[in-house]
Amino acid sequence: MEVKHQVYAAAIIPEYWLINLRTLELMVFRFPTGVGFQSREVFKDGEIRSLAFPDVDISVERLLGI
């Protein structure tokens with residue numbers, strides 16, 4: 001995960017999502033700095049919106065398969 005995190009930040013990818021299947025969590029990284037991300041949020045339920053598609057609600061439970 002750490003390598004991908006650094007590569008995405010260096011490439012200025014505005015947002016990436018990572019699902020941890022062991023803990024059933026969605027981690028959302030946003031706002032790259034070139035060496036990391038300014039924001040890291042963890043979700044276990046609820047709804048989320050991507051920066052790319054702000055008008056689309058996505059169920060966290062559905063992503064996690066619960």
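On a predicted model such as this, the values are computed, not experimentally measured, just so you know.

**Student:** Even after reading the chapter, I still don't get the side chain of Ser 50, so can you show me in this structure?
**Tutor:** Positionally, Ser 50 belongs in the loop between β4 (47-48) and β5 (58-59). The class for Ser 50 is buried, based on a relative accessible area of 12%. Within the local environment of Ser 50, its side chain forms a polar contact with the side chain of Glu 15, the two groups lying 2.8 Å apart. Every residue in contact with Ser 50, bar those within four places of it in the chain, is listed here: Glu 15, Trp 17 and Arg 30.

**Student:** I would appreciate a short explanation of the sheet that holds strand β2 (residues 25-32) in the present structure.
**Tutor:** The strands making up a sheet are joined through hydrogen bonds of the backbone, oriented either antiparallel or parallel. The strand order across the open sheet built from three strands is β1-β2-β3, with neighbouring strands paired in antiparallel fashion. Every interior strand has two partners, whereas the edge strands, β1 (15-20) and β3 (37-43), have only one. Strand-to-strand twist in this sheet, taken as the mean axis angle between neighbours without regard to direction, amounts to 20°.

**Student:** Would you take a moment to explain the pairing of β3 for this structure?
**Tutor:** Within a regular strand, side chains alternate between the sheet's two faces. Direction of pairing for β2 relative to β3: antiparallel, over a ladder of six bridges. In the strand pairing of β3, Pro 32 is matched with Phe 37. The hairpin turn running from β2 into β3, its antiparallel successor, is four residues long, and Gly 34 in that turn takes a positive phi close to 100°.

The rules behind these values
Residues numbered from 1 in each chain as written. Predicted model: local features only at pLDDT ≥ 70, side-chain atom pairs only at ≥ 80, totals over all residues. Heavy atoms only, no water. Helix = DSSP H or I, 4+ residues; strand = E, 2+ residues; numbered from the N terminus. Buried < 20%, exposed > 50% of the residue type's maximum accessible area, 1.4 Å probe, protein only. Polar contact = N/O pair within 3.5 Å; in protein donor to acceptor, adjacent residues only side chain to side chain. Contact = heavy atoms within 4.5 Å. Pairing = 2+ DSSP bridges. Axes fitted to C-alpha atoms, helices over the stretch in contact; angles between N-to-C directions.

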